[in-house]
Amino acid sequence: MAGRRQGARRDTRTAYLLLAPSLFGISAFLVLPILVVAGLALQRWDLIGPRTFVGFENFTAVAVDGRFARSLLTTAVFVAIVIPAQTVLGLVAGLLLNRGLRGSAAFRVLYVLPWICAPLVLGVVWRWVLAPTDGALNALLGRRVEWLADPALALPSVAAVTVWTQVGYVALFFSAGLRAIPDTVHEAAMLDGATPWQRFWRVTLPLLRPTTFFVLVTGVVSSFQVFDSVYALTPNGGPQGVTDVVAGRIYYEAFEQRAVGQAAVMALVLFVLLVAVTLVQQRWFARRTTYDLST
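Residues numbered from 1 in each chain as written. Predicted model: local features only at pLDDT ≥ 70, side-chain atom pairs only at ≥ 80, totals over all residues. Heavy atoms only, no water.

In the nomenclature of an unreviewed UniProt entry, the protein is known as Sugar ABC transporter permease of Pseudonocardia adelaidensis. In its Subcellular location (unreviewed entry) section, the UniProt record describing the protein reads: "Cell membrane". Per UniProt, the comment on the protein under Sequence similarities (unreviewed entry) is "Belongs to the binding-protein-dependent transport system permease family." (UniProt positions renumbered as here; feature names shortened; annotations may be inferred.)

Take a look at the structure:
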């Protein structure tokens, strides 16, 4: 018994030693910044002068500030446009890539190129493409359209650029998920007389739920945090503030208004919102997902 206990303690120490680098990274780059932001939320600071403790005054100021509420609504609309579009298009592209057609390897590289490029650079390029006078898209259409200056078109245009950037990333994960599904499962469904649509709806999609869960969680988080491309396409919140997303509002509040405390409160609200949305997604998928593809 004593030998077993010593062996268990030795294994525990070894496990903690192996986990130490990851625990340090989580503490230094996740937990500590959250604590710092929480501390700044209780202070008044303009990035230059001394900090002043004000308690929950910043929380009250943000609560009565209509701009932050509008930015939350704008971000919600942005996410509602981006997530369904990039998920469906990514699934379709993943299905095509998984068919093993000629040139699929090259298309995998082309799909992922927008995702690995700097969002700010892509935003500048797309701002030229969508320019009203000499833009490539208007030249192709043969008419002048204010894609980024029209309040009705600015947010959908920015969302479309984001979808174009992310769809390759989503497609690669769906392609990997499709490859993980055993061929015997589809063969059994064919022997049972299932049509291609029935095999897709009742076999493929249910077995893709782990991949779908990952894609949705990461997609929602990145969409709620979008800033670079939106800032490059429509600076200062766009026409009439229709593209004033939460991350942009935090930036403007901290570095233009120099209200770091209120920006910290907004960041905390965004963090809590993302945690809540992720937990809801996790609970929804938990009872509907299987990770065992061996049968």
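Okay, back to it.
Asker: Explain the overall build of the protein residue by residue, including any values.
Answerer: Helix and strand counts for the protein come out as 13 helices and two strands. By the compact-globule yardstick of 19 Å for 295 residues, the protein is too spread out, its C-alpha radius of gyration being 24 Å. Projecting the C-alpha coordinates of the protein onto the three principal axes gives extents of approximately 80 × 70 × 30 Å. In the protein, which comprises 295 residues, the proportion classed as buried is 38%. By sequence separation, contacts in the protein at least 24 residues apart represent 67% of the contacts at least 6 residues apart. Carbon and sulfur atoms make up 67% of the accessible area of the protein, which totals about 17500 Å². (Helix = DSSP H or I, 4+ residues; strand = E, 2+ residues; numbered from the N terminus. Rg over C-alpha atoms; globule rule 2.2 N^0.38 Å. Buried < 20%, exposed > 50% of the residue type's maximum accessible area, 1.4 Å probe, protein only. Contact = heavy atoms within 4.5 Å. Areas by Shrake-Rupley, 256 points an atom, 1.4 Å probe, with all protein chains shown as cover.)

Asker: Just give me the short version of the packing of helix α7 (residues 151–179) against helix α10 (residues 209–224), but keep the residues and values in it.
Answerer: In contact at an axis separation of 9 Å, α7 and α10 are set at 165° when each is read in the N-to-C sense. When the interaxial angle is binned, α7 and α10 end up roughly antiparallel. Here the hand of the crossing between α7 and α10 comes out right-handed. Here α7 contributes Tyr169, Val170, Phe173, Phe174 and Gly177 to the contact with α10, which in turn contributes Thr211, Thr212, Phe214, Val215 and Thr218. Across the contact of α7 with α10, the residue classes break down as six nonpolar, four polar and no charged. (Axes fitted to C-alpha atoms, helices over the stretch in contact; angles between N-to-C directions. Parallel < 35°, antiparallel > 145°, perpendicular 65-115°, else oblique. Left-handed = near helix turned anticlockwise from the far one by under 90°. Nonpolar A, V, L, I, M, F, W, Y, C, P; charged D, E, K, R; others polar.)

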